[in-house]
Structures are given as C-alpha cells and as structure tokens.
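# What the coordinates show
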Amino acid sequence: MRIFKGIAASEGLAKGKALVHHQASMVAEKQHILADGIAGELEKFRTALSTAKRTLEEHNVRDITKESKEILETHLMMLQDPEYIQQIEAYISTNLVCAQWAVDSVTTDMVALLEKTEDALLRERAVDFRDVSLYLIDAIKGKGSHRMENLDEDVILVADVLMPSELFAMDKTHVLGISLDGGGRASHVAILVRAFNIPTVLATGGASKTVKDGDEVIVDGTYGEVFVRPDLMVSQMLDERFELWQQYEVELHQMADLPSVTTDGHPVQLKANIQTSSEVDGIKALGACGIGLFRSEFLFMESLEHPSEQRQFEVYKQVVESMAPNPVTIRTIDIGGDKVVSGLGIDEKNPILGWRAVRFCLSRKDIFTIQLRALLRASVYGKLQIMFPMISGVEELNAVLHLLEHVKEECRTEHIPFDPNVKVGTMIEVPSAALCADILAKKVDFFSIGTNDLIQYTIAVDRGNEKIAYLYQPFHPGVLRSIKMIVEMAHQNNIPVSLCGEMASDPLCSVLLAGLGMDELSMGSQSLLQVRKILRSVSFEEAKQLADHVLGMDSYLTITTYIREWMHDRFDHITTI
Ligand code: PEP
Ligand code: MG
C-alpha cells in the first residue's frame, strides 16, 4: 500500500480501479530508425490514420451541435488530405525517424506557415491541424487523453496534469474520483471538479508515477489523501469515514430551505457559481438565492466551434428563466490564462499576465459583441446581470461599458427587446482595480471580488502551481486589507459587494467574510449548505469583532492559526485551508 497526501480539492470518497493518464503521452517522442525500419513506420502511420478516422467518426455520431459536426468533418477531411499524408510519409523515409515524430514535425511546420498568413480562416486551420496531429500521435502511441472520452467502466483517474478542456471532454459519468500530481485549490480544474462533484485530491507529488492502470485506488477528497492498493484495515477505516460523512451530509440538507442570516438578523446572501446550465437544478435544490457567477467561457469549451449568438442566447435564457425571479450574474468570457479555447490563437509565454478576459474581448470585438447581444436578448426573460472579468483600470471599464451601450443601441435600431435596466458590474480581481475601487464603484451597479485572481496577483503566486502553493495565502494581511478596502469603497458609493472566489466556498473563511461586510457570497454548490449552517450560528457582532481582531495582526500564519482555533472551538466539521 502507498499513501499520498495532497490538497483536498473536492469533498467525498471514491474507490475504484485506476486509469493512469500522463500529459507527456500526448507529446511526440523522437526515435531514429534504420532504412529497413521505414516500411514498419509507414505501416504504423497508415494504421494510425484509420484509427484516428474511426475515433472522429464515433464522435461525429454522438456529437450534438451542427457547428461541432462541421469541425469534426473538417478534421476528417484533413486526415484524408493527400498532401499532408504524403509529406509525413516522405519525412519518415527521408529523415529516418519514427512515425509520431514525423507527424509532429510536419504539423509544426505547417502550423507555423498557416499562422503567418493574413487570412484569418487559414490561421484558424492551424489549430485544426494541431488537433488532428494529436489524434494521430495518440493513435500511434495507442493511448492518451482521448481514451478518457469514451469510458466503458468506472475509474479513478490518476494523472500528472489535467487541462480544464480535457476535463470537459472526458466521460464524467464513469470518473468516480481524481488524483492529480499537481495543481492548486483555486485552479480552474479544482473549481470544475467541485462543480461536477468528483472527489479529488491535488498535488500528490507523484501518485501517477507509482500507480498502474487497474490498481485499486481510494481518493479521499475531504482529507486530501490517496491510497494506492489499500490493505483491508485501511479499506474498513475509510468505509467508516464514508458513513460519517454521509450522515453529516443528511444533517446539512436540513439547511436547504432556511434563510442565510446571522443570529442577530444580519443577512448575507448566498449564491452559486456555475459553469454550465446543467448545474441549475442542483443549486436550486440547495436554496441558492441566485447565481453570483456564471463562468460563460466554459460554453466556449464544450464544442470545437465557438457558440453562435443564438446558441448563447438559448443557454443564457434557460438559466435566467429557471432562476427567476432570483438574479443571475453572467460573466463575459474570461478565456486565456489556464482556460484555453481552441481556434482563438491564444498561445502565450506568460498567459496569466497576458491576453486574457476583457483584454482579449476588446481586441476581438467580433466575438465580444456577439456575446453582449446574446446577453441583452436573454435579459428580458428574468433578472440577468452582466459582469466583466479582469478589469484593471478605468479606461478598460469605460471601453467595455461603451461597447455595451453601442450594442444596446444596435438592439434598439433592430427592435430587439432587452431589459433597459440590466445591472452591470465588474469583478475586482486585479490589484490595480482594488486600489482604484472608489473610482470604479462610480461606474457600475455592483462589485464582485474574485479572490482566486486577487490573491494570485497580490502575492504574485501562480494559483495553479503546487510548488508555491504554500504562498497562496487567502489570510495574508495584504489580501484581507485589500478586501476590506474594496468593501468600504463599494459601500461608500452605495453599491453592493459580493465575493465569488473560492474563499467564499471555504467554511473556514465564512465568518471572517461576513465580518468584513460582504453583502453576498457566491460559491460552488458543494459548500452552500455548510456555509449557511455556519453563518446561522454566529452573530454579526461576533463576526465583525473577529474581522477587526485579525486585521490588527501582522502575519498570515498568526491570522490562520487564530481563525482556525476560533472556528474549531465553535464548529466540528471544518476541513479546508
Ligand atoms: C476569481 O478569480 O476569484 C474568480 C472567481 O474567477 P476565476 O476563478 O474564473 O478566475
Ligand atoms: Mg478570476
């Protein structure tokens, strides 16, 4: 038996057979061959062509949207492109290298050429060729990420790295639990596994190097432990843990219909963060009084083609209608960073500080305008609020507000109905925006603090990097001062302030955030009941005293220890941070 300790990223216990995935398996390996090996490599390549075609054809049958169908058909055509095939075959024979290296080299040259052209359509083809080459390399190697898309039995996924897009593509009905070698609690993969309710442990260090396909694995996402080939005693102990956890869940469910108010009557609205429209029924059952953050960029990851205005409108309308009369805050696309969307040409050396969110949208107004139109059209079906991500200063905010006004004007001209009073807010997640909160507050109807990024940028610590996870400190005095200042600036300007980063979903932070004056907390559905239970058991006065007290402290460690003790004295089941 081996035990790996990591970060508890998504609660719950899961037991099953391992499926091991290494991202490196998608990278081509270079191998030189002798002249008499050419025929064998050519044969491998041709077999891979047929396998890749079969995989794509299978996707084509079960794929839903017309746009996805078109893309898959383009990929199928590329796999039959005589010039592409001939170049790869020639590369194998001339350079005496293995098939996977030939596919990779020919594709890399082709992509470089296409990316240089003026023609936007051709530039987009570059991404298609890269995708097609991955299918081919995958087929040559006989394993890879694509096998996660069609699982016929339940598995525990044990991987080194997982991208949000891979998580989206995989067949989640059969993934019981996940163990990742790296990652941080606030990474997008972590946010998604919580949304999908998959027990997950991150930053195990190297479980994927030890585990073999088919090994028995237990993932404890509540305590952050992964047990490989567990012995009988451990198995029994974990079964008991599981039972206790289930009992606590039943107890929590009694909270679903109760209001979120402190014992002295101070309300703190609890809303949900969602990534897809399919999450709405679940969060309604948990008594969320609205959606505080709909990460619309995930709609762009669901299929290979960008969603049309009509498709976006339908999704937004469905969410807004089913939550009415409660409000739904839809954030305009925050792509870039670790959220890569195919076909947009975002491939940067330093993506976290790069062409992301509104920065991307303001230079791709074609894409942005379509989204704003879809949002405005959906606004008549309930209480829709629009929110902008990664605003760093007033010029950027002015630019997006100006564009929104322009799109409204277009709608009026075209007699497209929309809610003229649609509320508009901005995320505060870049330190410069936090420092200018008083200026920004005069221009919007609400603020939402994105602590995932605010912590990342304030402390200059990559939120997804396990090597420096110890520096990712929600209770850093700099972060807490920043939050306090944003709340004060918002309130002085009579606008409400929400917090929608992962801190909102961490039970250990609940009382402190209420004490800092947060009007609303928006979180992944997993935490709604626990946070409500906590807030209903303390008074606002106590919460304010706690906040004042820790704001007087000088270090992350002292604050964390103090809050841990304060919370553990009052609540039994607190596990995170
Ligand atoms: C945040 O940064 O806190 C946030 C909610 O946005 P995201 O996690 O999508 O970057
Ligand atoms: Mg963010």
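Residues numbered from 1 in each chain as written. Chains lettered and ligands numbered in written order. Predicted model: local features only at pLDDT ≥ 70, side-chain atom pairs only at ≥ 80, totals over all residues. Heavy atoms only, no water.

### Some words on the overall build of the protein chain
- For the protein chain, the helix and strand inventory stands at 22 helices and 16 strands.
- A compact globule built from 577 residues should have a C-alpha radius of gyration of about 25 Å, and the protein chain, at 25 Å, falls within 12% of that.
- Going through the 577 residues of the protein chain one by one, you find that 56% of them count as buried.
- Of the contacts made within the protein chain by residues no fewer than 6 positions apart, 69% connect residues no fewer than 24 positions apart.
- Total accessible area computed for the protein chain in this model is approximately 24200 Å², and 54% of it derives from carbon and sulfur atoms.
- Positive and negative charge centroids in the protein chain, built from 56 and 82 side chains respectively, lie 2 Å apart. (Helix = DSSP H or I, 4+ residues; strand = E, 2+ residues; numbered from the N terminus. Rg over C-alpha atoms; globule rule 2.2 N^0.38 Å. Buried < 20%, exposed > 50% of the residue type's maximum accessible area, 1.4 Å probe, protein only. Contact = heavy atoms within 4.5 Å. Areas by Shrake-Rupley, 256 points an atom, 1.4 Å probe, with all protein chains shown as cover. Lys, Arg positive; Asp, Glu negative; His and termini not counted. Charge placed at Lys NZ, Arg CZ, Asp CG, Glu CD.)

### Section: the coordination of the magnesium ion (ligand 2)
- Protein coordination at the magnesium ion (ligand 2): the donors are Glu429 (OE) and Asp453 (OD), at 2.0 to 2.1 Å from the metal. Of this pair, glutamate 429 sits in the loop between strand S13 (423–428) and helix H15 (431–435) while aspartate 453 sits in helix H17 (residues 451–459), and the two are 24 residues apart along the sequence. When sorted by exposure, glutamate 429 lands in the same class as aspartate 453, which is buried. (Donors = N, O, S within 2.8 Å, 3.2 Å for Na, K, Ca; no water.)

### Remarks on the domain arrangement of the protein chain
- Along its sequence, the protein chain is organised into domain 1 (2–23 + 147–252), domain 2 (35–141) and domain 3 (254–571).
- Relative placement of domain 1 and domain 2: their C-alpha centres are 33 Å apart. (Domains from an automatic or database assignment.)

### Some thoughts on the sheet that holds strand S4 (residues 155–159)
- The eight strands are arranged S1-S8-S7-S3-S4-S5-S6-S2 in an open sheet whose pairing can be described as mixed. Each edge of the open sheet carries a strand with a single partner, namely strand S1 (2–5) and strand S2 (7–10). Neighbour-to-neighbour, the strand axes of this sheet turn through a mean angle of 30 degrees, independent of strand direction.
- By the bridge criterion, four bridges tie strand S7 (residues 216–220) to strand S8 (residues 225–228) in an arrangement that is antiparallel. Residue pairing across strands places aspartate 220 opposite glutamate 225, the latter belonging to S8.
- On top of the sheet, helix H7 (residues 188–195) reaches S2, strand S5 (175–180) and strand S6 (200–202); it is set at about 50 degrees to S2, its chief contact. (Pairing = 2+ DSSP bridges. Axes fitted to C-alpha atoms, helices over the stretch in contact; angles between N-to-C directions.)

### Comments concerning the nonpolar core
- Phe388, Phe447 and Leu521 are the most contacted members of the largest nonpolar core, which totals 108 residues.
- Lining this core are residues from two domains, each supplying at least three of them: domain 1 (2–23 + 147–252) and domain 3 (254–571).
- When near neighbours in sequence (up to four residues on either side) are disregarded, leucine 521 contacts Val268, Gln269, Leu270, Lys271, Leu499, Ala504, Leu513, Val531 and Leu535. (Core = buried A, V, L, I, M, F, W, Y, C linked by side-chain atoms within 4.5 Å.)

### Quick notes on the site of ligand 1
- Neighbouring ligand 1 are 17 residues, the closest being Arg295, Arg331, Gly450, Asn452 and Arg463.
- Glutamate 429 is positioned with one of its side-chain polar atoms (N or O) 2.9 Å from an oxygen atom of ligand 1.
- A distance of 3.1 Å separates an oxygen atom of ligand 1 from a polar atom in the backbone of threonine 451.
- Those elements giving two or more residues to the shell around ligand 1 turn out to be H7, strand S10 (291–295) and H17.
- A per-element tally of the shell around ligand 1 places H17 first, with three residues.
- Grouping the amino acids of the shell around ligand 1 by side-chain chemistry returns four nonpolar, five polar and eight charged. (Near = heavy atom within 4 Å. Polar contact = N/O pair within 3.5 Å; in protein donor to acceptor, adjacent residues only side chain to side chain. Nonpolar A, V, L, I, M, F, W, Y, C, P; charged D, E, K, R; others polar.)

### With respect to the packing of aromatic side chains
- A full pass over the atoms with the stated rule returns six aromatic pairs.
- When the centroid spacing of 5.9 Å and the interplanar angle of 25 degrees are considered together, the rings of phenylalanine 242 and tryptophan 245 count as stacked. Note that phenylalanine 242 and tryptophan 245 are positioned in helix H9 (residues 232–253) at a spacing of three residues, about one turn of the helix.
- Under the relative-accessibility criterion, tryptophan 245 is labelled partly exposed at 23%.
- Looking at arginine 241, its charged tip hangs above the ring of tyrosine 223, at a distance of 4.4 Å from the centre.
- When the ring centre of tryptophan 566 is taken as reference, the NZ or CZ atom of arginine 570 above it lies at 3.6 Å. (Phe/Tyr/Trp six-rings, centres within 6.5 Å; stacked < 30°, edge-to-face > 60°. Lys NZ or Arg CZ within 6 Å of the ring centre and 35° of its normal.)

### Regarding the sheet that holds strand S16 (residues 520–523)
- Sheet architecture is closed into a barrel: eight strands sit in the order S9-S10-S11-S12-S13-S14-S15-S16, paired in parallel fashion. Pairs of neighbouring strands in the sheet enclose a mean axial angle of 25 degrees, with direction left out of account.
- Pairing geometry for strand S14 (residues 446–449) and strand S15 (residues 497–499), over three bridges, is parallel. When the sheet's bridge partners are listed, serine 448 is paired in S15 with serine 498.

### Describing helix H18 (residues 477–492)
- Compared with the 22 Å implied by 1.5 Å per residue over 16 residues, the 22 Å span of H18 between its first and last C-alpha is a close match.
- Among the residues of H18, Pro477, Val479, Leu480, Ser482, Ile483, Ile486, Val487, Met489 and Ala490 are the ones counted as buried. (Expected span 1.5 Å × (residues − 1).)

### Describing unusual backbone geometry
- A cis amide bond links alanine 324 to the next residue, proline 325, at an omega of 5 degrees.
- Looking at the element boundaries, proline 325 is found in the loop between helix H11 (309–323) and strand S11 (327–331).
- The phi dihedral of alanine 357 is positive, around 50 degrees, even though this residue is not glycine.
- Summarising the element assignment, alanine 357 is placed in helix H12 (residues 357–363).

### Some details on the packing of H17 against H18
- Contact geometry of H17 with H18 gives a least axis separation of 10 Å together with a crossing angle of 125 degrees. By the criterion of interaxial angle, the relationship of H17 to H18 is oblique. As for the relative orientation of H17 and H18, their crossing is right-handed in sense. Where H17 approaches H18, its residues Thr451, Leu454, Ile455 and Ile459 are matched on the opposing element by Val479, Ser482, Ile483 and Ile486.
- Looking at the contact of H17 with H18 residue by residue, the classes come out as six nonpolar, two polar and no charged. (Parallel < 35°, antiparallel > 145°, perpendicular 65-115°, else oblique. Left-handed = near helix turned anticlockwise from the far one by under 90°.)

### A few points about the pattern of salt bridges
- Counted under the stated rule, the structure contains 28 salt bridges.
- Here aspartate 215 and arginine 229 are joined by a salt bridge, their closest N and O atoms 2.5 Å apart. With aspartate 215 in the loop between helix H8 (207–210) and S7 and arginine 229 in the loop between S8 and H9, the pair connects residues that are 14 residues apart, well separated along the chain.
- According to the relative accessible area criterion, arginine 229 is partly exposed, its value standing at 38%.
- If you follow the salt bridges from partner to partner, you end up with Glu297, Arg331, Asp334, Arg356, Asp453 and Arg463 in one network. (Salt bridge = Lys/Arg side-chain N within 4 Å of Asp/Glu carboxyl O.)

### Structural notes on the side chain of threonine 329
- The topology assignment puts threonine 329 in strand S11.
- Overall, threonine 329 belongs to the buried group, its relative accessible area being 2%.
- A distance of 3.0 Å separates the side chain of threonine 329 from the side chain of glutamine 385, its partner in a polar contact.
- Once you skip the residues sitting within four places of it in the chain, threonine 329 turns out to touch Ile291, Gly292, Leu293, Phe294, Gln385, Met387 and Phe446.

### Notes on the pairing of S4
- Counting buried residues along S4, five of its five residues qualify, which places the element largely inside the surrounding structure.
- Side-chain alternation along S4 places Val155, Leu157 and Ala159 on one buried face and Ile156 and Val158 on a second face that is also buried.
- Summarising the sheet, strand S3 (residues 13–21) and S4 pair through four bridges and their orientation is parallel. By the bridge assignment for S4, alanine 18 is matched with isoleucine 156.
- Here five bridges tie S4 to S5, and the two strands are oriented parallel to one another. Bridging across to S5, valine 155 finds its partner in valine 175.

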